[in-house]
Amino acid sequence: MAEKTAEVTMDKLVSLCKRRGFVFQSSEIYGGLSSAWDYGPMGVELKKNIQNFWWKEMTQLHENIVGLDAAIMMHPRVWEASGHVANFSDPLVDCKECKNRFRADHIDLSAPCPVCGNSGTFTEPRQFNLMFQTHLGPVKDDKNIVYLRPETAQGIFVNFRNVVQTSRVKIPFGIAQVGKAFRNEIVTKNFIFRTCEFEQMEMQFFVKPGSDDEWFNYWREQRMSYYEKLGIRSDRLRWHQHGSDELAHYAKDAYDIEYLFPMGWQELEGVHNRTDFDLGRHQEFSGKDQTYLEDQTKERYVPYVIETSAGLTRSVLMVLSDAYEEEQLEDGDVRTVMHFHPAVAPITVAILPLVKKDGIAELAREIEAELREDFNVFYDQSGAIGRRYRRQDEGGTPYCVTVDYDSKEDGTVTLRFRDSMEQVRVHRSELAARIRKEIKEYKRV
């Protein structure tokens, strides 16, 4: 029986991500760019699969939630209405000795610098705008200033009327969106956890005023149960309610789902009661009606909004952190294994011919072609079979199919399970159905 040997650290994760092609530092051949990361062949599959898992959960499984993909650049008045122009800034100080920069509200300005230890070296706090500013058009002029969106939510709010008029949705209903956002963060750290360019998975759920508390509790329950479906260990998740000093200017109530990352408990997703602030503000600033008319009662009102907002890039780091394990095997060997849920694993099935000769490799290629229609398949015929298993374990491949001499005789193959290392014989004609069944019924032990 395998035993866990050590806790995951950020250094181990970063090393594995580089070694196995999950994440690379952006522009690495030029020395890299702080806070920018590129997703390699394994990472892009993992990120795409997590996004698709979330999208199915929020849209396919809810008949009253539709999708949207809004533009990154929006009219600058959007950000005036949302409050970002006036409020989206942080106090900033620099250390004159070591040149490090800090949030003024996150450190004790009367204490020594936490990096170099010198005293009295902080500059006066300055306001630091977190929005990236650019110009629309070839001429740099104050008249054509636009911003790279700092959140995806506003694209949903400004399309509220369009969705109501074209999708036949009725309150309560939601609009889901996955997209990039940009924040000129003062401190970018902890690998891909906090970066200037990131992706959000957001859903804004529009409800009748007075029913918002009920729906707020509903979505809190739904969002926590989602992570169980994703295979995340429940003891690594917890709720944090925002205190009065933490609540955003638009929020009536707010909870964060926190995950125990290698660097400690950190925010993963927020569930917020945004009241009617957003639609009310856009109605005020645009002059366009944002009310909703109920067909039966003929009552008209500005809807309240329950928001669920998760970071896709943070979810990738969470899945990597939760999956990583080093196991001490009975023979004394240590294997590194990534316990990805099979639905999000970058590679679902590895096809491994036992030998390259006697038609075994050709038969393995046939089976690979059969499975490639339904799964992300990887073919590997190089090295000892045990070493190939270890490579797939480290990459998180949940199923390995070994093709051997018996496969030529009776059409059966060895199906190996990553988590338990159990092996069973399955006929090739039943292989795809068996794998689909295993994915659907998967439970991490």
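On a predicted model such as this, the values are computed, not experimentally measured, just so you know.

*Asks:* So what's going on with the packing of aromatic side chains? Residues and values would help.
*Replies:* Evaluation of the coordinates by the stated rule reveals 21 aromatic pairs. Each member of the aromatic cluster is reached from another via a ring pair, and the members are Phe-157, Phe-160, Phe-173 and Phe-206. Geometry around Tyr-226 places Arg-223 over its ring, the cationic atom sitting 4.2 Å from the centre. In this structure, Arg-365 is placed above the aromatic ring of Tyr-379, and the distance from its NZ or CZ to the ring centre is 3.6 Å.

*Asks:* Could you give me a rundown of the sheet that holds strand β22 (residues 399-403), with the residues and numbers involved?
*Replies:* The mixed open sheet is built from five strands, whose spatial order is β21-β20-β22-β23-β24. Only two strands of the sheet have a single neighbouring strand rather than two, namely β21 (377-379) and β24 (423-427). Each adjacent strand pair in this sheet contributes to an overall mean axis angle of 30°, direction not counted. Strand direction decides the pairing type here: strand β20 (residues 349-353) and β22, joined by five bridges, are parallel. Looking across to β22, one finds that Ala-350 is bridged to Cys-400. Across the sheet, helix α10 (residues 360-372) is in contact with β20, β21, β22 and β23 (412-417); its angle to β20 comes to roughly 165°. Where helix α13 (residues 431-440) meets the sheet, its contacts fall on β20, β22, β23 and β24, and the angle it forms with β23 comes to roughly 15°.

*Asks:* Lay out the nonpolar core with the relevant residues and their values.
*Replies:* Soluble, globular proteins show a tendency: their nonpolar side chains are buried together. In this structure, Phe-22, Leu-46, Tyr-227, Leu-230, Met-318, Leu-320 and Phe-340 are the most contacted members of the largest nonpolar core, which totals 52 residues. For this core, the leading source of residues is helix α9 (residues 312-323), giving seven residues. Contact partners of Leu-46, with chain neighbours within four places excluded, come to Phe-22, Val-316, Val-319, Leu-320, Phe-340, Val-344 and Pro-346. Residues Tyr-399, Val-403, Val-424 and Ile-435 belong to the second largest nonpolar core, which totals 23 residues.

*Asks:* Provide a residue-level description of the sheet that holds strand β13 (residues 253-261), including the pertinent values.
*Replies:* Ordered by their spatial adjacency, seven strands build an open sheet running β4-β10-β11-β17-β14-β13-β12, and the pairing between neighbours is mixed. Strands at the two margins of the open sheet, each flanked by one partner only, are β4 (65-67) and β12 (237-241). Strand-to-strand twist of the sheet, defined as the mean angle between neighbouring strand axes without regard to direction, takes the value 25°. As judged from the six bridges shared by strand β14 (residues 264-275) and strand β17 (residues 304-311), these two strands associate in the antiparallel manner. Paired with His-272 across the bridge in β17 is Glu-307. The sheet contacts of helix α6 (residues 160-167) involve β4, β10 (173-182) and β11 (197-207), and relative to β10 the element is tilted by about 135°. Helix-sheet contacts for helix α7 (residues 212-229) involve β4, β11, β12, β13, β14 and β17, and the interaxial angle to β14 is about 150°.

*Asks:* Please give an account of the state of the cysteines that cites residues and values.
*Replies:* Scanning the entire structure with this criterion turns up zero disulfides. This cysteine, Cys-196, is not joined by any disulfide, and Cys-98 carries the nearest cysteine sulfur, 19 Å off. Accessibility expressed as a relative area gives 16% for Cys-196, which makes it buried. Between Cys-400, a cysteine without a disulfide, and Cys-17, which holds the nearest cysteine sulfur, the sulfur-to-sulfur distance is 20 Å.

Calculation notes
Residues numbered from 1 in each chain as written. Predicted model: local features only at pLDDT ≥ 70, side-chain atom pairs only at ≥ 80, totals over all residues. Heavy atoms only, no water. Phe/Tyr/Trp six-rings, centres within 6.5 Å; stacked < 30°, edge-to-face > 60°. Lys NZ or Arg CZ within 6 Å of the ring centre and 35° of its normal. Pairing = 2+ DSSP bridges. Helix = DSSP H or I, 4+ residues; strand = E, 2+ residues; numbered from the N terminus. Axes fitted to C-alpha atoms, helices over the stretch in contact; angles between N-to-C directions. Contact = heavy atoms within 4.5 Å. Core = buried A, V, L, I, M, F, W, Y, C linked by side-chain atoms within 4.5 Å. Buried < 20%, exposed > 50% of the residue type's maximum accessible area, 1.4 Å probe, protein only. Disulfide = S-S within 2.5 Å.

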